[in-house]
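# Inside the fold
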Amino acid sequence: SARKPLAGKKVLITAGGTVERLDPVRYLTNDSSGKMGFALAAAARDFGADVTVVAAKTTAKIPDGISLVRVESAEQMLEAVLSRFEQSDLVIKSAAVADYRPVVRAESKIKKSGDRIMLELVKTTDILQTLGERKTSQFLIGFAAETGDLDHYAMDKLQRKRADLLVANDVSEDGAGFNTDTNIIRIYDKDGLVEALPIMSKLDAAKRVLKLASERMTQTEAK
Ligand code: PMT
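Here the structure is a predicted model, which is why all the values come from computation and not from measurement. (Residues numbered from 1 in each chain as written. Predicted model: local features only at pLDDT ≥ 70, side-chain atom pairs only at ≥ 80, totals over all residues.)

### Section: the sheet that holds strand β9 (residues 139-146)
Where strands meet in a sheet, backbone hydrogen bonds hold them as pairs that are either parallel or antiparallel. If you trace the eight strands from one edge of the open sheet to the other, you get β5-β4-β1-β6-β9-β10-β12-β13, paired in mixed fashion. Edge strands, defined here as strands with exactly one partner in the open sheet, are β5 (67-70) and β13 (192-196). Between one strand axis and the next, the sheet turns by 20° as a mean value, whatever way the strands run. Pairing geometry for strand β12 (residues 185-189) and β13, over four bridges, is antiparallel. For tyrosine 188, the partnering residue across the bridge sits in β13 and is leucine 193. Packed onto the sheet, helix α4 (residues 150-160) meets β9, β10 (165-170), β12 and β13 and runs at close to 145° relative to β9. (Pairing = 2+ DSSP bridges. Helix = DSSP H or I, 4+ residues; strand = E, 2+ residues; numbered from the N terminus. Axes fitted to C-alpha atoms, helices over the stretch in contact; angles between N-to-C directions. Contact = placed C-beta atoms within 7 Å.)

### Some points on the site of the ligand
Taken together, 27 residues lie near the ligand, and Ser33, Lys35, Met36, Ile127 and Phe143 sit nearest. Elements represented by at least two residues in the shell around the ligand include exactly α1 (35-46), α3 (127-134) and β9. The element best represented in the shell around the ligand is β9, accounting for four residues. Split by residue class, the shell around the ligand holds 12 nonpolar, 10 polar and five charged. (Near = placed C-beta within 6 Å. Nonpolar A, V, L, I, M, F, W, Y, C, P; charged D, E, K, R; others polar.)

### Things to note about the pairing of β10
Across the six residues of β10, six count as buried, placing the element largely inside the fold. Pairing between β9 and β10: six bridges, direction parallel. If you follow alanine 145 over to β10, its bridge partner there is asparagine 169. Handedness of the crossover joining β9 and β10 through α4: right-handed. With four bridges connecting them, β10 and β12 associate as antiparallel partners. Bridge pairing in β12 links leucine 166 to tyrosine 188. (Buried ≥ 20, exposed ≤ 12 C-beta atoms within 10 Å, placed from the backbone. Right-handed = clockwise from strand over helix to strand, strands pointing away.)

### Details of the pairing of strand β4 (residues 50-55)
Most of β4 sits inside the fold, with five of its six residues counted as buried. As paired strands, strand β1 (residues 10-15) and β4 are joined by six bridges and run parallel to one another. Of the residues in β4, the one forming a bridge with valine 11 is valine 51. Sheet topology note: the β4/β5 ladder contains four bridges and is parallel. Counted as the bridge partner of alanine 55 is arginine 70 from β5.

### Some remarks on the nonpolar core
Among the nonpolar cores identified, the biggest contains 61 residues, and Ile13, Leu40, Ala44 and Met77 are the most heavily contacted of them. Take this core: its biggest share by element is eight residues, from α1. If sequence neighbours within four positions are ignored, isoleucine 13 has contacts with Gly37, Leu40, Ala41, Ala44, Val51, Val53, Ile92 and Ser94. (Core = buried A, V, L, I, M, F, W, Y, C linked by C-beta atoms within 7 Å.)

### Description of helix α2 (residues 74-85)
The first and last C-alpha atoms of α2 sit 16 Å apart over 12 residues, in line with the 16 Å expected at 1.5 Å per residue. Taken as a whole, α2 has its buried residues at Ala74, Met77, Leu78, Ala80 and Val81. Those residues of α2 hidden inside the fold are in contact with β1, β2 (20-23), β4, β5, β7 (100-102) and α3. (Expected span 1.5 Å × (residues − 1).)

### Remarks on the confidence of the model for the chain
Detail in the predicted coordinates should be disregarded across regions flagged by low pLDDT. Summarising the model, the chain shows a mean pLDDT of 97, and 100% of its residues fall at 70 or more. Both scores are available for the predicted complex, with the pTM at 0.97 and the ipTM at 0.98. (pLDDT = per-residue confidence, 0-100.)

### Section: the UniProt feature "binding site: CTP" (unreviewed entry) in the chain
The residues that UniProt annotates with the feature "binding site: CTP" (unreviewed entry) are Asp99, Lys109, Phe143, Lys157 and Lys161. A maximum C-alpha distance of 37.1 Å shows the annotated residues, which cover 63 residues in sequence, to be distributed over more than one spot. Discounting chain neighbours no more than four positions away, the residues touching lysine 109 are Asp23, Pro24 and Val25. When you line up the elements, lysine 161 lands in the loop between α4 and β10. According to the C-beta neighbour criterion, lysine 161 is buried, with 20 such atoms within 10 Å. In contact with lysine 161, other than residues within four places in its own chain, are Asp126, Leu128, Gln129, Gly132 and Gly142. (UniProt positions renumbered as here; feature names shortened; annotations may be inferred.)

Right, here's the structure in full:
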């Protein structure tokens, strides 16, 4: 129906920033609060969907009426998402996933030693790209956190990761990106820019993303 455009749909959303441990007390992470991911979850729930959020480190309030799966690292997020991918209708990758993690995770606290020490990092698996390669009927939405040249990087990520839609935000802009209550988003599909939205609450931005996704999902079903 018009009010519940995602009724009967299973929606899987990732939120927050992954935590990549160096030793038992130290880690690499980023500024993601989970606000964008949880706003998407609340909006999808209100649209009638059955919502699961795979969340790494978050500080934002967790909405009622959703299932929450806690993970820490990019690797754990990959596992949690892959095990739920097949039964999902719509997957939204709003988490800020580490691109690199420490090669070694020390068993005990790393001791202070020389004036300079080296930290060796290795690439993590790209979760969105993995989903893009494996998708069958799932509708896939990626995000892109950029600091300029949005159109170029967004289209590159959409194509490489085979997303159906890509939501880009310039995280260097005031009122956009990490830990803000608002966002300024541009939504792309394979043909280019679909919507360039003004600043609005993350909940309103989430509703715009989900409205577009639900329309596109219905069109695909009708084919
Ligand atoms: O949580 P908030 O404080 O509300 O902040 C919201 C946000 C800025 C985190 C959000 O709006 C956002 O932009 N999320 C994506 C952050 C990100 O990792 O962007 P990216 O451009 O580095 O990655 C592109 C896409 O690939 C993303 O969908 C990301 O989830 C995915 N990715 C990246 C690396 C990796 N190893 N696996 C992935 O799946």
